[in-house]
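Listed below, chain by chain, are the residues.
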Amino acid sequence: MQKFTKLSGIAAPLPLVNIDTDMIIPKQFLKTIKRSGLGVNLFDEMRYDDDRNEIPDFVLNKPQYRDAQILVAGENFGCGSSREHAPWAIADFGITCVIAPSYADIFYSNCFKNGILPITLPQDQVDVLMKDAEKGSNARIEVDLEAQTITSSDGEVFSFEVDSFKKHCLLNGLDDIGLTMEKSESIAGFEAKASAERPWV
Amino acid sequence: MSPKTLYDKIWDAHVAHEAEDGTCLLYIDRHLVHEVTSPQAFEGLRMAGRGVHAPDKTIAVPDHNVPTTPGRNDPKNMTEDSAIQVAALDTNAKEFGIHYYPVSDVRQGIVHIVGPEQGWTLPGMTVVCGDSHTATHGAFGALAHGIGTSEVEHVLATQTLIQKKSKNMKVEITGKLRPGVTAKDITLSVIGATGTAGGNGHVIEYCGEAIRDLSMEGRMTVCNMAIEGGARAGIIAPDEKTFEYCKGRPHAPKGAQWEAAVAWWKTLFTDEGAHFDKVVTLKGEDIAPVVTWGTSPEDVLPITASVPAADSFTGGKVGAAQRSLDYMALTPGTKLTDISIDTVFIGSCTNGRIEDLRAAAAVLKGKKKKDGLRAMVVPGSGLVRAQAEEEGLAQIFIDAGFEWRLAGCSMCLAMNPDQLAPGERCAATSNRNFEGRQGRGGRTHLMSPAMAAAAAITGKLTDVREMM
């Protein structure tokens, strides 16, 4: 997995609540058997018209946000379907950090498996960063995972919380499966006990 | 010992390892797999030279992509990319030796309908699937939730998930439901009351007399949409109805093991005095038949209401409501019963079970759908379909002018050819009314099977109570 340590980048503002994973990546792009190449279809139905022309008003089509690495959004980001194609599309576009007041659970954990840092901040702080993001390429937002801080283009610093284990994995780009396999004795022990207690399982 | 919730008990019974910071390895009893969210996971195993840790606990069935029209056993009758995904599942199931119900098998269907039907889902189990509607299985008193593809790979490789415990939330529905009100109305009304983020970070236990009174099918409908309320899972304590449903299913325990299982299952309830972090209570008699008007499942109103104005909301929801109204092409103040529809879709993991088809058929019996309206019934599994044919329900649908389809997810998410055209308005028994969910530009109103059947007859959103 890609590490995430520090990031200094342009942030795209998407001030909508309840952005669902159907919006992030519509179902017609779930028919792939690969993880890569979905960035071009990120927010597809908001980004392109029926003739596949770009809709100029959509934030990621604006010249100043084409290289955005951060997304600032409204509450309950990533709700709906569990499709990991959503974080795959976000990462493939080049966005590795999302800032929002809250996330849907499955999307939130999917991000950490794909080198994306989803940051939760109170609404008033998200509002400040949303305004900052609206300045376009003049505003670079800095994210430091080790220090757990975000610095706005004006130098205002916000601290954020993140689970220590998830942080450790993201900072070091660790593979969950490898880590779990180190605990295979615990798993085998559990299986022996469980099959004695609940043999019907 | 301090009193525990049902969720606490199942959680505690499945912790294989706990780190100092509370990060746990949760052991998974049943892993359900479908064709859309698994190919990358199997490919990951292959690349790393890993196998499936517990193939006997892993069950696969193609459902999202498959056409629901005759001739679908021939891959030529699928779009090329769908055929590739289904073929990949065929290959992966064979190569890794997991249980499999191919498209040609009468037991094939929507994974969340097949699991309980075959007795794979049992009380007290942990059940996961790369699909958010895995919450359905919580109806059995199982801890069941959706996972991403990386987690699918993790469960395939280790039979565990890295998890931290969620909070406990209680949703109690007291008293009795009024006539014409169903499990779907309960679950939509709860989301209407709590919002789509109301359950974030929580596992919901549904309880109360109105929940107890529901059949297993109804309980599955309620738990199915726990995810739409943001919850990690929904769960209902098992009881005699649960045991009765499970008994004799192909993969349910038999003989002495059955007795031992039931004895343990009877301990699976929330202890008196157990702590809930959040409690929501609705009165059963206050719940009306409801429909959604917008593009979020929280946009719920009784069928007797009118389309709301955007400025009747607060905060970020004002903009979202305006966006919904624009997308749905609705004018505030319009009576919901004045909204005309083009299509009716009855099916999905929310409402594709036999009881749902019975409820819809009861409304449709001896009647016809409105001329020009497109109407289809997609049974949740091949066995539901067969049972509905045996009970004469299929004929009622056909006589009413409905298409009688083969099993699959179909127009719930429109990954197969069953899609709405831009601007087409649908009365749907599925679970999501998101923009583009049933087809780009398609407009979805969620409701119960009986309400969808009523809408098919009149061609408008309709209060089913007026037809009873």
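Before reading further, recall that the structure is shown in the block above.
As the structure is a prediction and not an experimental result, all values here were calculated from the model. Counting starts from 1 at the beginning of each chain's written sequence and moves along it residue by residue. Chains carry letters and ligands carry numbers; both start at the beginning, A for chains and 1 for ligands, and go up in the order they are written. Since the coordinates come from a predicted model, pLDDT governs what is reported: local features require at least 70, and pairs of side-chain atoms require 80 or more to be given and counted, while whole-chain, interface and lining totals use all residues. To obtain the side-chain values, all non-hydrogen atoms of the structure were included, while hydrogens and water were left out.

A. Main features of the pattern of salt bridges. Think of a salt bridge as a Lys or Arg side-chain nitrogen and an Asp or Glu carboxyl oxygen that are within 4 Å of each other. On inspection of all chains with the given rule, the structure shows 36 salt bridges over all chains. Of the charged contacts, one joins B:Arg374 and B:Glu424 as a salt bridge, the two residues approaching to 3.0 Å between their closest N and O atoms. Of the two residues, B:Arg374 sits in strand S16 (residues 374-378) while B:Glu424 sits in the loop between strand S17 (403-404) and strand S18 (425-428), which places them 50 residues apart along the sequence. Each residue gets one of three labels from its accessible area relative to the maximum for its type: buried under 20%, exposed over 50%, partly exposed in between, using a 1.4 Å probe on protein chains only. You can call B:Glu424 buried: its relative accessible area is 14%. A salt bridge links B:Glu403 to B:Arg405, with the shortest nitrogen-to-oxygen separation between them at 2.7 Å. Three or more residues joined by partner-sharing salt bridges are found here, namely A:Asp22, A:Arg83 and B:Arg437. Helix and strand assignments follow DSSP, with helices taken as H or I runs no shorter than four residues and strands as E runs no shorter than two, numbered in order from the N terminus.

B. Main features of helix H10 (residues 255-265) of chain B. Residue and element names in this part refer to chain B. For H10, every residue scored as buried is listed here: Trp258, Ala261, Val262 and Trp265. Within H10, the buried residues cover an arc of 100° as seen down the axis, which keeps them to one side. Turned more than 90 degrees away from the buried face of H10, the exposed residues are Ala256 and Glu259. By the convention used here, residues are in contact when the closest approach between their heavy atoms is within 4.5 Å. Tucked into the core, H10 has its buried residues touching helix H9 (240-246). It is the directions from the helix axis to the C-beta atoms whose arc is reported.

C. Just the layout of surface pockets, in detail. Every definition here rests on a 1 Å grid over the protein atoms only: cavities are sets of points where a 1.4 Å probe fits but cannot get out, pockets are open sets enclosed by protein on both sides within 12 Å along at least five of seven lines, and lining residues have some atom within 4 Å of a point. Grid points are joined across faces, edges and corners, and a volume is the space filled by probe spheres set on the points. Empty space within the largest pocket amounts to approximately 860 Å³. For the largest pocket, the lining is made up of 28 residues, of which A:Asp105, A:Tyr108, A:Asp163, A:Lys166 and B:Lys164 are closest to its centre. Of all the secondary-structure elements, those providing two or more residues to the lining of the largest pocket are helix H4 (105-112), strand S4 (117-120) and helix H6 (164-172) of chain A together with strand S8 (160-163) of chain B. Looking at the lining of the largest pocket, its residues break down into nine nonpolar, eight polar and eleven charged. Taken as a whole, the second largest pocket encloses approximately 670 Å³ of empty space. Surrounding the second largest pocket, 25 residues form its lining, A:Met1, A:Arg35, A:Lys113, A:Asn114 and B:Ser150 being those nearest its centre. Nonpolar residues are Ala, Val, Leu, Ile, Met, Phe, Trp, Tyr, Cys and Pro. Charged residues are Asp, Glu, Lys and Arg, and all others, Gly as well, are polar.

D. Looking closely at the pairing of strand S2 (residues 24-27) of chain B. Residue and element names in this part refer to chain B. Residues Cys24 and Leu26 of S2 are buried on one face, and the alternating residues Leu25 and Tyr27, pointing to the opposite face, are buried as well. Relative to S2, strand S1 (residues 15-18) is paired through three bridges, and the arrangement is antiparallel. Among the inter-strand pairings, His17 is bridged to a residue of S2, identified as Leu25. DSSP calls a pair of strands paired once it identifies at least 2 bridges connecting them. Linkage of S1 to S2, two consecutive antiparallel strands, is achieved through a turn of five residues, within which Gly22 is found at a positive phi near 90°.

E. Molecular detail of the interface of chain A and chain B. Residue-level contacts link 54 residues of chain A with 72 residues of chain B. When chain A packs against chain B, close to 5,200 Å² is buried across both sides, 56% of that on carbon and sulfur atoms. The largest per-residue losses of area from chain A upon contact with chain B belong to A:Lys27, A:Lys31 and A:Trp200, which jointly make up 16% of the total buried on that side. Applying the counting rule to chain A against chain B returns six salt bridges. Here a polar contact is taken to be a pair of N or O atoms separated by no more than 3.5 Å, where protein atoms must pair a possible hydrogen donor with a possible acceptor and residues adjacent in sequence count only if both atoms sit in side chains. For the pair chain A and chain B, the interface holds 31 residue pairs in polar contact (both at pLDDT 80 or more). At the level of elements, helix H1 (21-24), helix H2 (44-47), helix H3 (85-93), H4, H6, helix H7 (176-181) and helix H8 (184-197) of chain A are the ones that each hand at least two residues to the side of chain A that touches chain B. Considering each element in turn, the side of chain A that touches chain B owes the most residues, five residues, to H7(A). When its residues are assigned to classes, the side of chain A that touches chain B shows 20 nonpolar, 14 polar and 20 charged. Buried area is a sum: the accessible area each of two parts loses on coming together, probed at 1.4 Å, counted once for each and added.

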